[in-house]
Amino acid sequence: MTVADELTPETPETESEEPIKQRKNGLYPGVSDELAENMKSGWADTDLHGLKPIEQAEHTARRRAALSARFPGERLVIPAGNLKVRSNDTDYPFRASVEYAYLTGNQTEDGVLVLEPSADGHRETIYLLPRSDRENGEFWLSGQGELWVGRRHSLAESEALHGIPAADVRELADALREATGPVRVVRGYDAGIEAALTDKVTAERDEELRVFLSEARLVKDEFEIGELQKAVDSTVRGFEDVVKVLDKAEATSERYIEGTFFLRARVEGNDVGYGSICAAGPHACTLHWVRNDGPVRSGDLLLLDAGVETHTLYTADVTRTLPVDGTYSDIQKKIYDAVYDAQEAGIAAVKPGAKYRDFHDAAQRVLTERLVAWGLVEGPVERVLELGLQRRWTLHGTGHMLGLDVHDCAAARTETYVEGVLEPGMVLTVEPGLYFQSDDLTVPEEYRGIGVRIEDDILVTEDGNRNLSAGLPRRSAEIEAWMAGLTA
């Protein structure tokens, strides 16, 4: 790969500009005055006109209004974040902070949303990098110039798209240093912005802002539910893709499965929402197996936990445990059907007015009953649940909120999340599992190395729930028939 910022104009930069970084071992020592002048002209006008607001603009405006009402008289600063170096001069793909994306719909690096207190609430400004400068050569000399990484929207274009007045982010840090009055910032995304506010903010006040924005996402609006359904629908197609190439995965490794699903995610969405878990055989007993470098063998199970992330950054989170050869063995079916029954009980407990914990408790009870019935743990069931003894084989909680983060709303207060009550518009996963480790001498040998998880994305509705991922079969017999139809 050729590195972008290998050139430096021979003419010195003005004091107000940072020099364009030169690559140490670049092939060109500099830029002649003639070339620099030549590059300034002869370019067509590429400004975009008549842009319509992005689809979620009306929703982001409503979210900002709620934020303004919660913190009257305070300056609120929400950064998108900066590029992060992967190695040397290559960066990780950028993903805007959830808080920033939720409030703006914008996804560009270095952006910052600022709500400045005013007489009638707040003045909103989205601070962004403007288009590459053609006068100083940044557009072709800098590694982040548009001839290297692509065109940025102009400030006017961004304002039209997002419905927020836009300004040059390069002027923001200095302005924030001079700001007076109470300020809150979402921390952890932009060290430069935080440094400019270091004497104006407190950790406690900033955490209150973060918690509010996390809890605001507990109930999804119409746009968000639509995006989550898109994510799930693409994920269903990704699972179908995987089933069709299991023979190629057997000839290679779990990475063929990972790559196959990733192709669907990139074609129909932005990315995968998290590292895909493509766990074959005993790897299914490792909850977050993302190395995906193991063998795929006929007769084993494949635990595939994966989700497509949409272009607006909403992610699905779905798991199926599939027989690699298309048919469950007797012991695999026994364990799978127990997990299915537990998931059925969990899903049935998802309804408005129910406690958030109810679906977890319902699923855990079913799994515990099976473990006791199989003689793997001594009952009675109430004793096992009270002591949590089933957790040796169930390990994790039965679900979590879902949205812009795969584990969405994580900063919400415990009393509004885990100890809270379900409301229409909430979206959560229901994902019980049983995992019998290969070295677990407390279970019969036939159980060892078998891991099963079934996970679906469930929307709480006015009268109960809707399974967003119902497009994938769940019953063991239905899965076998589905796989046979895809590989026929």
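Residues numbered from 1 in each chain as written. Predicted model: local features only at pLDDT ≥ 70, side-chain atom pairs only at ≥ 80, totals over all residues. Heavy atoms only, no water.

### What about the pattern of salt bridges?
Link 1 in the chain: With the rule as written, the count across this model stands at 38 salt bridges.
Link 2 in the chain: Connected through shared salt-bridge partners, D47, R131, R134 and E146 make up one network. (Salt bridge = Lys/Arg side-chain N within 4 Å of Asp/Glu carboxyl O.)

### Looking at the side chain of S97
Link 1 in the chain: Within the fold, S97 resides in the loop between β3 (90–91) and α3 (98–104).
Link 2 in the chain: In contact with S97, other than residues within four places in its own chain, are P79, A80 and Y189. (Helix = DSSP H or I, 4+ residues; strand = E, 2+ residues; numbered from the N terminus. Contact = heavy atoms within 4.5 Å.)

### A closer look at the nonpolar core
Link 1 in the chain: Counting 84 residues, the largest nonpolar core has L67, I78, I257, I335, W374, L434 and F436 as its most contacted members.
Link 2 in the chain: Of the residues that make up this core, three or more belong to each of domain 1 (53–217) and domain 2 (222–487). (Core = buried A, V, L, I, M, F, W, Y, C linked by side-chain atoms within 4.5 Å. Buried < 20%, exposed > 50% of the residue type's maximum accessible area, 1.4 Å probe, protein only. Domains from an automatic or database assignment.)

### Concerning the domain arrangement of the protein
Link 1 in the chain: Once the domains are mapped, the protein shows domain 1 (53–217) and domain 2 (222–487).
Link 2 in the chain: With centres defined by C-alpha atoms, the gap from domain 1 to domain 2 works out at 35 Å.
Link 3 in the chain: Taken residue by residue, the interface counts 15 residues in domain 1 and 17 residues in domain 2.
Link 4 in the chain: Between domain 1 and domain 2 the total buried area reaches about 1500 Å² when both faces are included, carbon and sulfur atoms providing 51% of it.
Link 5 in the chain: The largest contributions to the domain 1 side of the interface with domain 2 come from R95, E215 and R217, which together make up 36% of the buried area.
Link 6 in the chain: There are 3 salt bridges connecting domain 1 and domain 2.
Link 7 in the chain: For the salt bridge of D408 with R217, the shortest nitrogen-to-oxygen distance reads 3.1 Å.
Link 8 in the chain: Linking domain 1 with domain 2 are 11 residue pairs in polar contact (both at pLDDT 80 or more).
Link 9 in the chain: Each residue belonging to the side of domain 1 that touches domain 2 can be placed in one class, and the counts come to 5 nonpolar, 4 polar and 6 charged. (Buried area = accessible area lost by both parts, 1.4 Å probe. Polar contact = N/O pair within 3.5 Å; in protein donor to acceptor, adjacent residues only side chain to side chain. Nonpolar A, V, L, I, M, F, W, Y, C, P; charged D, E, K, R; others polar.)

### Examining the UniProt feature "domain: Aminopeptidase P N-terminal" (unreviewed entry) in the protein
Link 1 in the chain: Annotation from UniProt places "domain: Aminopeptidase P N-terminal" (unreviewed entry) at residues 54–194.
Link 2 in the chain: When the span residues 54–194 is considered, its composition is 33% helix and 22% strand, and the gap between its end C-alpha atoms is 29 Å. (UniProt positions renumbered as here; feature names shortened; annotations may be inferred.)

### Let's talk about the pairing of strand β14 (residues 433–436)
Link 1 in the chain: The alternating pattern of β14 places G433 and Y435 on one face and L434 and F436 on the opposite face, and all of these are buried.
Link 2 in the chain: Bridge analysis of β14 against strand β15 (residues 450–453) gives 4 bridges, and the strand direction is antiparallel. Among the inter-strand pairings, F436 is bridged to a residue of β15, identified as I450. (Pairing = 2+ DSSP bridges.)

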